[in-house]
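Take a look at the letters that make up each chain.
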Amino acid sequence: MSLRFDVTGWEQVQPGAFRNADGDGLAVYGFDIPPDLPAPLEDLDLLRARTVAHTAAGGGGVVELDVVTVDGLPAVRQIVKLPLPDRPSGVAYLGSFTVPRADRSLVLKVQCLEEGVTGMRDSVALDRFMSEYGQGRDMQEMMRSWAQHPYAPDVQGGLPRNWSDDPGWDPHFPQHPLSRARRIMAALAPTVEVHPDFKAAAPFSG
């Protein structure tokens with residue numbers, strides 16, 4: 001593989017794919033074609049806005065997106081949430097590091113799913129939100145404050161980020177899939193090693 005990382009706590013289930021004790025998935029993908037990122041990494045505002053619009057159009061929502069450094073290379077770190085297919089409720093949180101070069105890319109993707117009883121984190125956060133911000137406010141205005149797409153608040157549809165998606169709730173719900181996704185990504189990032197041949201490829205310019 002062109003990308004290696006610390007696999008402690010992960011069981012390999014097939015080449016390039018792993019699973020941990022919580023049932024979370026981790027996979028490495030390599031693409032020998034120009035990356036399909038919608039903007040240069042240097043234009044973070046445009047990259048965020050276009051990614052938010054594209055994700056919302058597909059029924060999901062961006063929770064967070066940043067440009068970071070992975071083993072010395074610029075990379076896109078993002079977490080999106082998508083509805084679980086064929087289920088009345090529940091969300092999949094997909095975290096990824098995308099390392100683009102001009103003619104290829106590497107993606108390290110984490111998948112954490114809601115299982116069993118869902119919505120507890122949202123419910124607790126909404127109660128707190130209502131008690132702090134709901135007094136005397138118009139309901140429509142209040143719900144716009146509760147949930148809107150980050151980086152592009154005019155985008156409609158999909159699954160907007162809401163107050164409960166804030167990292168401040170992670171310590172209160174450590175086993176929530178969003179908390180797990182953030183924790184996994186934070187642990188993985190400093191262990192990633194990219195093959196020298198991939199590093200030597202021309203940089204991505206958008």
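See the structure printed just above.
So, here's what we can say about the structure. Because the structure is a prediction, the values reported are computed rather than measured.

**Points about the nonpolar core**
(1) Moving on: F5, L26 and L108 are the most contacted members of the largest nonpolar core, which has 27 residues in total.
(2) Moving on: Elements that contribute at least two residues to this core include exactly β4 (25-31), β5 (61-70), β6 (73-83), β7 (91-100), β8 (105-113) and α4 (177-188).
(3) Moving on: Among the elements that take part in this core, α4 stands out by supplying 5 residues, more than any other.
(4) Moving on: The next biggest cluster of nonpolar side chains, apart from the first, holds 12 residues, and it includes L47, V52, L65 and A152.

**Some points on the packing of aromatic side chains**
The description of an aromatic ring pair uses the distance of the two centres, along with the angle that the planes make with each other.
(1) Moving on: Evaluated as defined, the whole model comprises 6 aromatic pairs.
(2) Moving on: Ring geometry for W169 and F173: centres 6.5 Å apart, planes at 45 degrees, overall tilted. F173 matches W169 in its accessibility class, with the two residues each being buried.
(3) Moving on: Ring-pair connections join several aromatic residues into one group, and the members of that group are F129, W146, W163, W169 and F173.

**What about the packing of helix α2 (residues 120-133) against helix α3 (residues 139-146)?**
(1) Moving on: Across the interface, α2 lies against α3 with an axial gap of 12 Å and an inter-helix angle of 125 degrees. Of the possible angle classes, the one that applies to α2 and α3 is oblique. Considering only the axes of α2 and α3, their crossing is right-handed. Here α2 contributes D122, A125, L126, F129 and M130 to the contact with α3, which in turn contributes M142, S145 and W146.

**Section: unusual backbone geometry**
(1) Moving on: Despite not being glycine, D71 shows a phi value in the positive range, around 50 degrees.
(2) Moving on: Relative to the assigned elements, D71 resides in the loop between β5 and β6.
(3) Moving on: Phi at Y151 is positive, roughly 70 degrees, even though this residue is not glycine.
(4) Moving on: In this fold, Y151 is placed in the loop between α3 and α4.
(5) Moving on: The class for Y151 is partly exposed, based on a relative accessible area of 34%.

**Remarks on the pairing of β8**
(1) Moving on: Bridge count for β4 against β8 is 7 bridges, and the pairing is antiparallel. By the bridge assignment, F31 is partnered in β8 with S105.
(2) Moving on: With 9 bridges joining them, β7 and β8 adopt antiparallel strand pairing. Bridging across to β8, F97 finds its partner in L108.
(3) Moving on: Taking the residues that link successive antiparallel strands as the turn, the β7-β8 hairpin has 4 residues.

**Comments concerning the pattern of salt bridges**
(1) Moving on: For the structure shown, the criterion picks out 12 salt bridges.
(2) Moving on: Put simply, R161 and E64 hold a salt bridge, and the shortest N to O gap is 4.0 Å. Here R161, found in the loop between α3 and α4, pairs with E64, found in strand β5; they are 97 residues apart in sequence, far enough to count as distant.
(3) Moving on: By relative accessible area, which is 9% here, E64 ends up buried.

**Some words on the side chain of E114**
(1) Moving on: Tracing the chain through its elements places E114 in the loop between β8 and α2.
(2) Moving on: Engagement of the side chain of E114 in a polar contact is seen with the backbone nitrogen of V91, the distance being 2.9 Å.
(3) Moving on: A polar contact is formed between the side chain of E114 and the side chain of H176, at a distance of 3.4 Å.
(4) Moving on: Non-local contacts of E114, meaning those with residues more than four positions away in its chain, are made with L84, R87, G90, V91, Y93, G119, H176 and P177.

**Regarding the sheet that holds β8**
(1) Moving on: Spatially, β2-β3-β4-β8-β7-β6-β5 is the arrangement adopted by the 7 strands of the open sheet, whose pairing is antiparallel. Looking at strand neighbours, the two that pair on one side only are β2 (11-14) and β5, the edges of this open sheet. Averaged over neighbouring strand pairs, the angle between their axes works out to 20 degrees when direction is ignored.
(2) Moving on: Relative to β4, strand β3 (residues 17-19) runs antiparallel, the two being bridged by 3 bridges.

Criteria and thresholds
Here the residue numbers are simple positions, counted from 1 along each chain's written sequence. Per-residue local features are limited, in this predicted model, to residues with pLDDT of at least 70; the limit for side-chain atom pairs, both in listing and counting, is 80 or more; totals at the level of whole chains, interfaces and linings are taken over all residues. Hydrogen atoms and water are omitted, and side-chain values are computed over all heavy atoms in the structure. Definition used in this section: a nonpolar core is a set of buried Ala, Val, Leu, Ile, Met, Phe, Trp, Tyr and Cys residues joined via side-chain atoms within 4.5 Å. Accessibility here uses a 1.4 Å probe with only protein chains present; expressed as a share of the type maximum, an area under 20% marks a residue as buried, one over 50% as exposed, and anything in between as partly exposed. Secondary structure is summarised from DSSP: a helix means a run of H or I of at least four residues, a strand means a run of E of at least two, and numbering begins at the N terminus for each. Between the rings of Phe, Tyr and Trp (Trp by its six-membered ring), a pair exists once the centres lie within 6.5 Å; its type follows the angle of the planes, with under 30 degrees stacked, over 60 edge-to-face, and the other angles tilted. For helices, the fitted axis covers only the stretch in contact; all axes are lines through C-alpha atoms, and the angles between them, taken along N-to-C directions, range from 0 to 180 degrees. Each angle gets one of four labels, with under 35 degrees taken as roughly parallel, over 145 as roughly antiparallel, 65 to 115 as roughly perpendicular, and the rest as oblique. For any pair of crossing helices, the crossing counts as left-handed if the nearer helix is rotated counterclockwise from the farther one by less than a right angle, and right-handed if it is rotated clockwise. The contact criterion used is simple: two residues touch if any of their non-hydrogen atoms lie within 4.5 Å. Two strands make a pair as long as DSSP finds a minimum of two bridges between them. Think of a salt bridge as a Lys or Arg side-chain nitrogen and an Asp or Glu carboxyl oxygen that are within 4 Å of each other. Contacts described as polar in this section are N or O atom pairs within 3.5 Å, which, within protein, must combine one atom able to donate a hydrogen with one able to accept it, while residues neighboring in sequence count only if both atoms come from side chains.

Scope: geometric values only; no functional claims are made or implied.
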